[in-house]
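These are the residues of each chain, in order.
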Amino acid sequence: MQSANQKVKKENRIDSSAIIVEGSKPLRGEVKLSGAKNSGFKLLVAALLSDENSQISNLPEITDLLLTTNIIKELGGNISLDGKVAKVSGSNLRTYKIPNKFSDMSRANIYFVGPLIHRFGKVFIPLLGGCDIGARPLNRHMQGFRALGIKVEDKKDGWYLQGHPKGGHYKFPKVTHGGTETLILASVLASGTTILDNAALEPEIDDIISFLNSLGAKIQRKPRRRIIIEGVDKLHGSSYTCMPDRNEAVTYAVAALATKGDIFVKGARASDLAIFLQKVSEAGGSFHIEKDGIRFKYNQLLSSTNITTKAHPGFMTDWQSLWTILMTQANGISTVKETIFENRFQHISFLMQMGANISFFNPKVINKEKYYDFNISDDSPKYFHAIKIKGPTPLQSVQAKIPDLRGGATILLASLVAEGQSRLENADIIKRGYSDFVSNFRKIGAKIEGVS
Ligand code: EPU
């Protein structure tokens, strides 16, 4: 019998949709970042830990957020979402079971463990979805829950968890962004203190910590990737503003530099983008940090660079596909090595169809277990973990079916750089992570038709 952990499904139940993109036009103007996808939906779930209402503003208007809102409603939680602002509380939660109809849809389900286990002493989580970029198992989350005193059963249809968290000590065997967050959510109301070691450092985690502390939680970051969570009896409500989306920031930065344009990315925070900005400088790209954002402006042919994705503060995995487009326009041979997910080069075949000169390779690695963040048992001889890009090469238009969220944003950007008209199917998947992407791109001069 296959367990839930082995059977995590990856397809996205999102309707297909097509857009037509006219390329080869420098993009210029200003875009304002929306709230972060990878913080917003988690803040809504975190608010369920309190019976008092919280107001969360600057939320991204994306499908992943609507999905989380629907799950909360089905569980009986109080939530009202009005554009970018939500009011949420957990006072009326009535069931510990996330309905099966939400299986496979996104990563949100696993975040409900904390709020539901504190209220009911048990939880059922059906299979998870999310982008098809690797197996994405939950073994580190589940080991961590066990360390807090929770009993975990991994069954065919999902995970069954039972017991009130007591607190404890857990050292993540490898860094996990989501695992750090789900363990924090499961620890804030524990009867004792929790120490998490080798915790992830992503700014979205800090956003969740700040929100929880504003509710009365006692969470402290310590040096050397340690987090200490002192369990409290109860949380109150608060008003909180979701952080800006750093992936959106990188998308518009690359759009400016790759289309030879000039874009002011309002809301971009240099502190979230340090390694990206360092690489832009290394490539000879120009940016200017201003009080309320960062301006990216093309002013010379870029040079090749080498990047290796790493957990924060390293070069983020979500940025590598966008960076690849930039390197197709840079002079020389660049490399991109992906160490976080085992299968995150699915967009490359489209870039090659568009004329990019890219070849795959597997780097020589002495200690794979240490070098890669994914579980080595999830690797396959059919996956490559690195690419070589020779530039600059003009890109041609493409007809493509978008494979995943970040890959989709990449093909969209490549189409904006390319000569001619591209047709992109399944473009709705981009709405999982980008608020108003069509109108935002149109505002800076892009010609995109087909999706409202
Ligand atoms: N992993 C395991 N076992 C675990 C947990 C993780 O093997 O128990 C593996 C994963 O399969 C992956 C690696 O460890 O190979 C890192 O996974 P991590 O847990 O750090 O990632 P995540 O929490 O699943 C979040 C974002 C991703 C982002 C990564 C890295 C959300 C909803 N997703 O994923 O965002 O790429 O962290 O920062 O926060 C996206 O937005 O498109 C996206 C994929």
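Our structure is the block above this text.
The model shown is predicted, which means the values in this text are computed figures rather than measured ones.

Moving on: the packing of helix α7 (residues 246-258) against helix α12 (residues 405-417). Contact geometry of α7 with α12 gives a least axis separation of 10 Å together with a crossing angle of 20°. The orientation of α7 with respect to α12, classified from their angle, is roughly parallel. Considering how the two elements wind past one another, α7 and α12 form a crossing that is right-handed. From α7, Asn247, Thr251, Val254, Ala255 and Ala258 reach across to α12, where they touch Arg406, Leu413 and Val417. Looking at the contact of α7 with α12 residue by residue, the class counts come to five nonpolar, two polar and one charged.

Considering all chains together, one arrives at 15 aromatic pairs under this definition. Ring centres of Tyr170 and Phe172 lie 5.0 Å apart, and the angle between their planes is 80°; on these two criteria the pair is classed as edge-to-face. The exposure class assigned to Phe172 is buried, which follows from its relative accessible area of 1%. Every member of this aromatic cluster is reached through a ring pair, and the members are Phe276, Phe287, Phe296, Phe315, Trp319 and Trp323. It is Lys155 that lies over the ring of Tyr160; its NZ or CZ is 4.9 Å from the centre. Sitting over the face of the ring of Phe361, Lys388 holds its NZ or CZ atom 5.4 Å from the ring centroid.

What follows concerns the site of the ligand. Every one of the 26 residues lining the ligand counts as a neighbour, but Lys42, Arg140, Thr176, Asp318 and Ile340 are closest to it. Interatomic distance of 3.2 Å between a backbone N/O atom of Pro137 and a nitrogen atom of the ligand. Asp373 is positioned with one of its backbone polar atoms (N or O) 3.5 Å from an oxygen atom of the ligand. If the ligand stood free it would expose 840 Å²; the protein chains cover 96% of that surface. Cavity membership is defined here by more than half of the atoms lying within 2 Å of grid points; on that basis the ligand lies in the largest cavity. Elements supplying a minimum of two residues to the shell around the ligand: α1 (37-47), α4 (139-147), α5 (177-187) and α12. Looking at the shell around the ligand element by element, the count peaks at four residues for α1. For the shell around the ligand, the class distribution of residues is nine nonpolar, eight polar and nine charged.

Reading the values: the criteria
- Residues numbered from 1 in each chain as written.
- Predicted model: local features only at pLDDT ≥ 70, side-chain atom pairs only at ≥ 80, totals over all residues.
- Heavy atoms only, no water.
- Axes fitted to C-alpha atoms, helices over the stretch in contact; angles between N-to-C directions.
- Helix = DSSP H or I, 4+ residues; strand = E, 2+ residues; numbered from the N terminus.
- Parallel < 35°, antiparallel > 145°, perpendicular 65-115°, else oblique.
- Left-handed = near helix turned anticlockwise from the far one by under 90°.
- Contact = heavy atoms within 4.5 Å.
- Nonpolar A, V, L, I, M, F, W, Y, C, P; charged D, E, K, R; others polar.
- Phe/Tyr/Trp six-rings, centres within 6.5 Å; stacked < 30°, edge-to-face > 60°.
- Buried < 20%, exposed > 50% of the residue type's maximum accessible area, 1.4 Å probe, protein only.
- Lys NZ or Arg CZ within 6 Å of the ring centre and 35° of its normal.
- Near = heavy atom within 4 Å.
- Polar contact = N/O pair within 3.5 Å; in protein donor to acceptor, adjacent residues only side chain to side chain.
- Areas by Shrake-Rupley, 256 points an atom, 1.4 Å probe, with all protein chains shown as cover.
- 1 Å grid on protein atoms, 1.4 Å probe; cavity = no way out; pocket = protein on both sides within 12 Å on 5 of 7 lines; lining within 4 Å.
- Sits in = over half its atoms within 2 Å of the grid points.

These values are about where atoms sit, not about what they do.
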